[in-house]
Amino acid sequence: MESVGGSDSAACWEVDLSQVRALIDAAAVGDEWPDWVAALLHGARIADVNELGLQLVGSSVARGLMIGQPVASFCPPESWTILAELIVAVATDRPDHGVRRSAIDSFMFRNATLSVWGAPGDAAPDMLWVAVDGEMAEDRSFWAVRASEQRYRRLLHHLPGALLQVDARAMGAIFYQLRSEGVTDLTPYLKMDGELIAAAHNLVRVTDANQGAMHLFGAASLDEMMGAIGYVFAADPEVARRVVIAHFEGRRTLVEVMKLRTLDGRERDVQLTVTFPTPPERLDVSLMSFEDITDRLRTEAQLRQLQADYSRAARISMLGELATSIAHEVNQPLSAIVTNAETSQRWLSKDEPNLAKVAQLTARIADSARRASDIVQRIRGMAARRAPERVPLDLNEIVHEALVFVGHELETRSILLTLDLDPCLPPVAGDRVQLQQVVVNLILNAAQALGRGGPDRRIALCTTRTLDASVAFAIDDNGPGISEADLDRIFDSFFTTKEEGVGIGLAICQSIIAAHGGTIEACNHREGGALFRFTLPVADA
Amino acid sequence: MSSPPLIAVVDDDEAVREALCDLFQVEGLSARGFEGAAAFLHGYAPNRFDLVITDIRMPQVDGFEFLRRLRTVEAAPPAIVLTSLSDDATRAQAVAEGARACLTKPVTDAALLELVGSILGRRATDAPEG
């Protein structure tokens, strides 16, 4: 029974202990530490394996992959301690190295027994044999496993979508080495060591692929897809890094959106899902599935473009409503500039020019010119065609910037404005101009609801932090409020109660807030008048 | 002997106020700025000002309302409207509310000074001998 190849009723491995001799001696005298079992089974290498042993953990073609690998890679973790203790007992049982046995759970055998023995005498003290034996489980018989493998291959090949079967076991040994060197977080380690990802590109291998994968990758034959996995991540190396980190951290699955360069040179956007195996699954089978999302992303981009165009159109319409206010605001500094310049000329044409006065007037001209330019810049910002961005923003600042646009309008309408802004707001992630647009729209909406006549017309703005990690903005007025019938459709496009309105203001507010992951609502508050409130999620730190 | 003419400049925009006061100063006229109608009316004393120049778009009390209130005070000075609003309706309403003239901003110094001069000169001749 000493020849591994000769045993056909048991799965049998020959194990080389030469790298863990010192560890075994230490364990034998009770000098153990918490990880000694893992260290021993990672240091103990497989020297040979019989056919049943191959079937038990892999497939018959796996011999080359198995030889030289750590025992730990092929032993279910629940049996690690039993196996390690048996190895220590046999290895230190000089000179007989007689057989020791222990019952274990096995998916292939009923009443399974784990046996460990060595050659008598000390001719080869570092070589032991390990066998798993028992009553073959009927549904898990050799042929059942083989048939199940066939079914699995058929399944893989006929599943829709693009699937790659990947053998990433080589990374297990590397990860063990890293852990034994004290690496617990791979992210900073990878910043220093660029070699690991390059090594993974070669060590991790594609072992099977289905029709969908061949189609997606533009492969003419299956052979083109087999072997080193590097080509999968050629256009997006950063994703390879995250896959390695997820594997190191023992995650079960990872989903990534990535760029894929196909074998025939096209570029596609795909969503990659990686499923890593855990015992007792076959450790040589990691699965990668790819969903081609190129068309979906293109449609989404077009949709975003449409939304951006729509919101810009609404901003320009809003600027139109504010045109009189804005014209007045620009005209004031221009008017001051003209008068100051003419006054300067009058001083200079006198017999004794008052140069100090001219200097003062010139400084005022510069100030007014800057003011006019600032106003023009702000308007240009509102009217510009640009892609929305996501940056951390202080909502209170947004409110102040919005008031630059509508402050004069409120003053002209003699509306009293009160502000109650929480000074400790966390930032929100968003587009400055779009959020300004929302606030301007809501203020303008309230101002128009208040009409032009009547005393004591008020608008109150308020910002707060909510309990569910959001930031809220609320605006209420003491106008007529919203009729019950209108409440349900107030955010609909082209709904308006104003004769001059086209009804996109509130609709665009809702679409902008929704695109920012927030919500907006309208109601009437108890003391009469309308109340609009939106919330935005706090930006990730 | 009558004191030199004094002009009130009513505009919520400080830059505009200062510019107009300086323009009158270079021509030897005295002017005082007010940031709104309320500020002007608050300390109103008859015969103190010889002319009022006012904007239309102002917070709280706008220019039209100011002209209305000005008609109710004793010995109201003549008023000129100086506004960014250049439409005929504004001009007509300003005159209807009692303004002597309505000029559009930005105004040329010559036009403004000529108008001011003619009103002040007429006022000087109108003034009762005393």
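The shown structure was predicted, so the numbers you read here are calculated from the model rather than taken from an experiment.

Caption draft 1: Structural view of the overall build of chain B. The secondary structure content of chain B amounts to five helices and five strands. Helices and strands in chain B line up, N terminus first, as β-α-β-α-β-α-β-α-β-α. Within chain B, the proportion of its 130 residues that are buried is 48%. Long-range pairs, those at least 24 residues apart, make up 64% of the contacts in chain B between residues at least 6 apart in sequence. Carbon and sulfur atoms provide 50% of the accessible area of chain B, an area that totals close to 6200 Å².

Caption draft 2: Geometry of the pairing of strand 3 (residues 51-54) of chain B. Residue and element names in this part refer to chain B. Burial of strand 3 is two-sided: the residues Leu 51 and Ile 53 facing one way and the residues Val 52 and Thr 54 facing the other way are all buried. Bridge analysis of strand 3 against strand 4 (residues 79-83) gives three bridges, and the strand direction is parallel. For Thr 54, the partnering residue across the bridge sits in strand 4 and is Val 81.

Caption draft 3: Structural detail: the environment of Gln 360 of chain A. Residues and elements named next belong to chain A. Mapped onto the elements, Gln 360 comes out in helix 14 (residues 355-383). Taking relative accessible area as the criterion, Gln 360 reaches 33% and is therefore assigned partly exposed. Put simply, Gln 360 and Ser 344 are 16 residues apart on the chain and 9.3 Å apart in space, counted from C-alpha to C-alpha. One polar contact links Gln 360 to Lys 357, side chain to side chain, over a distance of 2.8 Å.

Caption draft 4: Structural detail: the sheet that holds strand 10 (residues 267-275) of chain A. Residue and element names in this part refer to chain A. Spatial ordering of the open sheet is given by 8-7-6-11-10-9, a layout of six strands whose pairing is antiparallel. Bordering the open sheet on either side are strand 8 (227-228) and strand 9 (253-261), each of which pairs with just one other strand. In this sheet, strand 11 (residues 286-292) lies alongside strand 10 in antiparallel orientation, the contact comprising six bridges. By the bridge assignment for strand 11, Thr 273 is matched with Ser 289.

Caption draft 5: Just the pairing of strand 6 (residues 162-167) of chain A, in detail. Residue and element names in this part refer to chain A. Burial analysis of strand 6 places six of its six residues in the buried class, the great majority of the element. With burial as the criterion, each face of strand 6 is covered, one bearing Ala 162, Leu 164 and Val 166 and the other bearing Leu 163, Gln 165 and Asp 167. The pairing of strand 6 with strand 11 spans five bridges and is antiparallel. Looking across to strand 11, one finds that Ala 162 is bridged to Phe 290. Sheet topology places strand 6 next to strand 7 (residues 205-209); four bridges connect them, and they run antiparallel. Bridging from a neighbouring strand, Val 166 pairs with Val 206 of strand 7.

Caption draft 6: Focus on the interface of chain A and chain B. Counting from both sides, the interface comprises 26 residues of chain A and, opposite them, 27 residues of chain B. In total, about 2300 Å² of surface goes out of reach between chain A and chain B, with carbon and sulfur atoms giving 48% of it. Here chain A is connected to chain B by seven salt bridges. The partner of Glu 18 of chain B in a salt bridge is Arg 364 of chain A, with the nearest N and O atoms 3.3 Å apart. Viewed at the interface, chain B and chain A are joined by 16 residue pairs in polar contact (both at pLDDT 80 or more). Looking at the side of chain A that touches chain B, the elements that each hand over two or more residues are helix 13 (323-348), helix 14 and helix 15 (395-412) of chain A. Here the element with the most residues in the side of chain A that touches chain B is helix 13 of chain A; it accounts for 15 residues. Class assignment of the residues belonging to the side of chain A that touches chain B gives a composition of five nonpolar, 13 polar and eight charged.

Caption draft 7: Layout of the packing of aromatic side chains. Overall, the coordinates contain 11 aromatic pairs over all chains when judged by the stated rule. Ring plane angle 80 degrees and centroid distance 5.7 Å describe the contact between Phe 217 of chain A and Tyr 231 of chain A, whose orientation is recorded as edge-to-face. Here the residue Phe 217 of chain A occupies a position in helix 10 (residues 211-217), and Tyr 231 of chain A occupies one in the loop between strand 8 and helix 11 (237-248), the gap between them amounting to 14 residues. Aromatic side chains Phe 40 of chain B and Phe 66 of chain B sit 5.6 Å apart centroid to centroid with 80 degrees between the ring planes, which places their arrangement in the edge-to-face category. Here Phe 40 of chain B, found in helix 2 (residues 37-42), pairs with Phe 66 of chain B, found in helix 3 (residues 63-70); they are 26 residues apart in sequence, far enough to count as distant. For the pair Phe 40 of chain B and Phe 66 of chain B, one class covers both residues: buried. Among the aromatic residues, those joined into a cluster by ring pairs are Phe 34, Phe 40, Tyr 44, Phe 49 and Phe 66 of chain B.

Caption draft 8: The side chain of Thr 463 of chain A, seen in detail. Residue and element names in this part refer to chain A. By the element assignment, Thr 463 lies in strand 15 (residues 458-465). On the basis of relative accessibility, which here comes to 1%, the residue Thr 463 falls in the buried class. In this structure the side chain of Thr 463 is engaged in a polar contact, spanning 2.7 Å, whose partner is the side chain of Asn 396. Residues contacting Thr 463, with those up to four places away along its chain left out, are Leu 395, Asn 396, Val 399, Asp 420, Leu 421, Asp 422, Leu 425, Ala 472 and Phe 473.

Caption draft 9: Main features of the sheet that holds strand 2 (residues 30-34) of chain B. All names here are of chain B. A sheet is described by the order of its strands in space; here five strands give the open sequence 2-1-3-4-5, paired in parallel fashion. Strands with a single pairing partner mark the edges of an open sheet, and in this sheet they are strand 2 and strand 5 (101-104). Across the sheet, the mean angle separating the axes of adjacent strands is 20 degrees when strand polarity is ignored. Of the strand pairs in this sheet, strand 4 and strand 5 are connected by four bridges, and their pairing is parallel. Looking at the pairing, Thr 83 lines up with Thr 104 of strand 5. Each of strand 1 (6-10), strand 2, strand 3 and strand 4 is contacted by helix 1 (residues 14-26), which is oriented at about 170 degrees to strand 2, the strand it contacts most. Relative to the sheet, helix 3 contacts strand 1, strand 3 and strand 4, its axis offset from that of strand 3 by approximately 160 degrees.

Caption draft 10: Just the pattern of salt bridges, in detail. Scanning all chains against the criterion turns up 32 salt bridges over all chains. Note that Asp 309 of chain A is salt-bridged to Arg 385 of chain A, the shortest N-O span being 3.5 Å. With Asp 309 of chain A in helix 12 (residues 294-321) and Arg 385 of chain A in the loop between helix 14 and strand 12 (391-393), the pair connects residues that are 76 residues apart, well separated along the chain. By relative accessible area, which is 58% here, Arg 385 of chain A ends up exposed. Between Lys 105 of chain B and Asp 55 of chain B there is a salt bridge; the shortest N-O distance is 3.5 Å. Remark: Asp 55 of chain B occurs in the loop between strand 3 and helix 3 and Lys 105 of chain B occurs in the loop between strand 5 and helix 5 (109-126); sequence separation between them is 50 residues.

Caption draft 11: Focus on the nonpolar core. All names here are of chain A. Core analysis: the biggest nonpolar cluster contains 52 residues, and Leu 442, Ile 459, Phe 473, Ile 475, Phe 532 and Phe 534 have the highest contact counts within it. Once residues within four sequence positions are removed from consideration, Phe 534 is found in contact with Leu 395, Val 438, Val 439, Leu 442, Val 471, Ala 472, Phe 473, Ile 513, Thr 519 and Ile 520. Val 183, Ala 200, Ala 213 and Val 243 belong to the second-largest nonpolar core, a separate cluster that totals 43 residues.

Caption draft 12: Structural detail: unusual backbone geometry. Residues and elements named next belong to chain A. The peptide bond linking Arg 94 to Pro 95 adopts the cis configuration, its omega dihedral lying at -5 degrees. With respect to the helices, strands and loops of the structure, Pro 95 is situated in the loop between helix 5 (80-91) and strand 3 (100-103). Located in the positive-phi region is His 97, a residue other than glycine, with phi close to 50 degrees. If you trace the backbone, His 97 turns up in the loop between helix 5 and strand 3. Even without glycine at this site, Ala 469 takes up a positive phi of about 55 degrees. Residue placement: Ala 469 occurs in the loop between strand 15 and strand 16 (470-477).

What counts, and where the lines are drawn
- Residues numbered from 1 in each chain as written.
- Chains lettered and ligands numbered in written order.
- Predicted model: local features only at pLDDT ≥ 70, side-chain atom pairs only at ≥ 80, totals over all residues.
- Heavy atoms only, no water.
- Helix = DSSP H or I, 4+ residues; strand = E, 2+ residues; numbered from the N terminus.
- Buried < 20%, exposed > 50% of the residue type's maximum accessible area, 1.4 Å probe, protein only.
- Contact = heavy atoms within 4.5 Å.
- Areas by Shrake-Rupley, 256 points an atom, 1.4 Å probe, with all protein chains shown as cover.
- Pairing = 2+ DSSP bridges.
- Polar contact = N/O pair within 3.5 Å; in protein donor to acceptor, adjacent residues only side chain to side chain.
- Buried area = accessible area lost by both parts, 1.4 Å probe.
- Salt bridge = Lys/Arg side-chain N within 4 Å of Asp/Glu carboxyl O.
- Nonpolar A, V, L, I, M, F, W, Y, C, P; charged D, E, K, R; others polar.
- Phe/Tyr/Trp six-rings, centres within 6.5 Å; stacked < 30°, edge-to-face > 60°.
- Axes fitted to C-alpha atoms, helices over the stretch in contact; angles between N-to-C directions.
- Core = buried A, V, L, I, M, F, W, Y, C linked by side-chain atoms within 4.5 Å.

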